[in-house]
Amino acid sequence: MSLPGTLPLTDMASGHRLDFLLVADMVEPGSRVLDVGCGDGALLSLLRDRRGVDGRGIEISREGVNACLAKGLPVIQGDADTDLADYPDDAFDYVILSQTIQATRQPKVVLEHLLRIGRRAIVSFPNFGHWRVRVDLGLRGRMPMTENLPYSWYDTPNIHFCTIRDFVELCREVGAGMEKAVALNAGGQPMRVTLPWWVWNLFGEQGVFLLKRR
């Protein structure tokens, strides 16, 4: 699910979003991939062209589905909260949920389905624990608006904000093993993996996690 009103940071050479390039690097070439909340198909197209994946998508908006079909991508209209239950176990090598988990009604259930449907899951999300968000809430007394959280409180599709630390705890609850975890800074670049979680939680604008069932 892309977030209208944002200006995602892009790689100047390729024109692709930096977070999408990071996700693509986590996917083995030739894999079977399901992109949940695939938006206009930009990530799915990248995976098809660069990693040679057998990709499928599910997207809630008709506009997004139409954009994907125009790119020749096999995408159906559906809702992550209700339709993932219909997919069989181990149907894909990777199930991707990019910038979407905060817009689901039941994030824990959705994550459990990702880990059931795919041998691995990749989840990315805006970090509500970032220092700018804390300043807006703590000093201005206002719900934050940033590049990764561009909506006003009254029209946002994001209903379950979480921090990087919150998501790590959720992974523990559902028994997900973290094969790789990356926090992206304001420039869209990965922060050092040796930094403690609290630093990622304070300065990371996005989290990207590669997960596997234990």
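Residues numbered from 1 in each chain as written. Predicted model: local features only at pLDDT ≥ 70, side-chain atom pairs only at ≥ 80, totals over all residues. Heavy atoms only, no water.

Per an unreviewed UniProt entry, the recorded name for the protein chain is Methionine biosynthesis protein MetW, and the organism is Microvirga splendida.

Participant: Looking at this structure, how should I read the pairing of strand S7 (residues 206–213)?
Facilitator: When a strand is regular, its side chains alternate between the sheet's two faces. Within S7, six of the eight residues are buried, which leaves it mostly tucked inside the rest of the structure. Bridge count between strand S5 (residues 118–126) and S7: seven bridges; the pairing is antiparallel. Directly across from Ser124, in S7, lies its bridge partner Val208. Bridging between strand S6 (residues 176–184) and S7 involves eight bridges; their strand directions are antiparallel. Considered in S7, the bridge of Ala183 is made with Gly207. (Buried < 20%, exposed > 50% of the residue type's maximum accessible area, 1.4 Å probe, protein only. Helix = DSSP H or I, 4+ residues; strand = E, 2+ residues; numbered from the N terminus. Pairing = 2+ DSSP bridges.)

Participant: Where do I start with the nonpolar core in this structure?
Facilitator: Within soluble globular proteins, side chains that are nonpolar generally end up buried alongside one another. Within the largest apolar cluster, 33 residues are counted, with the highest numbers of intra-cluster contacts made by Val36, Leu84, Leu111, Leu114, Val123, Phe167 and Leu211. Counting only elements with at least two residues in this core, the list comes to strand S1 (32–36), strand S4 (92–98), helix H5 (107–117), S5, helix H7 (164–174), S6, helix H8 (197–203) and S7. In terms of residue count, the dominant contributor to this core is H7 (six residues). Beyond its immediate sequence surroundings of up to four residues, Leu211 is in contact with Leu111, Leu115, Arg120, Ala121, Val123, Phe167, Cys171, Ala176, Gly177 and Met178. Formed by 20 residues, the second largest nonpolar core is a distinct cluster that contains Phe20, Tyr94, Ile122 and Leu184. (Core = buried A, V, L, I, M, F, W, Y, C linked by side-chain atoms within 4.5 Å. Contact = heavy atoms within 4.5 Å.)

Participant: Would you explain the sheet that holds S1 in this entry?
Facilitator: Hydrogen bonds along the backbone pair up the strands of a sheet, which may run parallel or antiparallel. In space, the seven strands of this open sheet follow the order S3-S2-S1-S4-S5-S7-S6, with mixed pairing throughout. Each of the sheet's edge strands pairs with one partner strand only, and the pair in question is strand S3 (75–77) and S6. Sheet twist, expressed as the mean angle between neighbouring strand axes with direction ignored, is 15 degrees. In the sheet, S4 pairs with S5 via six bridges, with the strands oriented parallel. Bridge assignment links Val95 to a residue of S5, and that residue is Ala121. Each of S1, S4, S5, S6 and S7 touches H5; the most contacted strand, S5, lies at about 145 degrees to it. Against the sheet, H7 contacts S5, S6 and S7, and its axis sits at roughly 10 degrees relative to S7. (Axes fitted to C-alpha atoms, helices over the stretch in contact; angles between N-to-C directions.)

Participant: Explain the pattern of salt bridges here, please?
Facilitator: Opposite charge on two side chains lets them pair, provided their charged atoms get close. Applying the stated criterion across every chain, the model contains 13 salt bridges. Note that Asp93 and Arg32 form a salt bridge whose closest N and O atoms lie 3.1 Å from each other. Pair noted here: Asp93 is in strand S4 and Arg32 is in strand S1, with a separation of 61 residues, a long-range link. One salt bridge in this structure joins Arg48 and Asp49, with 3.1 Å as the shortest N-O distance. For Arg48, a relative accessible area of 33% translates into the label partly exposed. Asp49 sits in the exposed class, given a relative accessible area of 57%. Each of Arg32, Asp93 and Arg119 takes part in salt bridges that share partners, so that together they form one network. (Salt bridge = Lys/Arg side-chain N within 4 Å of Asp/Glu carboxyl O.)

Participant: Please clarify how the packing of H5 against H7 should be interpreted in this entry.
Facilitator: The description of two packed helices rests on the angle between their axes and on the distance between the axes. Interaxial distance between H5 and H7 falls to 11 Å at its minimum, and their mutual angle equals 60 degrees. Here H7 runs oblique to H5, going by the angle between their axes. As for the relative orientation of H5 and H7, their crossing is right-handed in sense. Judged by residue contacts, Lys108, Leu111, Glu112 and Leu115 of H5 engage Phe167, Leu170, Glu173 and Val174 from H7. Among the residues forming the contact of H5 with H7, the class breakdown is five nonpolar, no polar and three charged. (Parallel < 35°, antiparallel > 145°, perpendicular 65-115°, else oblique. Left-handed = near helix turned anticlockwise from the far one by under 90°. Nonpolar A, V, L, I, M, F, W, Y, C, P; charged D, E, K, R; others polar.)

Participant: How should the packing of helix H1 (residues 18–25) against helix H2 (residues 42–51) be read in this particular structure?
Facilitator: Interaxial distance between H1 and H2 falls to 10 Å at its minimum, and their mutual angle equals 45 degrees. Our classification of the angle between H1 and H2 gives oblique. Helix-helix and strand crossings are classified by hand; for H1 and H2 the assignment is right-handed. Of the residues in H2, those in contact with Phe20, Leu21, Val23, Ala24 and Asp25 of H1 are Ala42, Leu43, Leu46, Leu47, Arg50 and Arg51. Its residues assigned to classes, the contact of H1 with H2 shows eight nonpolar, no polar and three charged.

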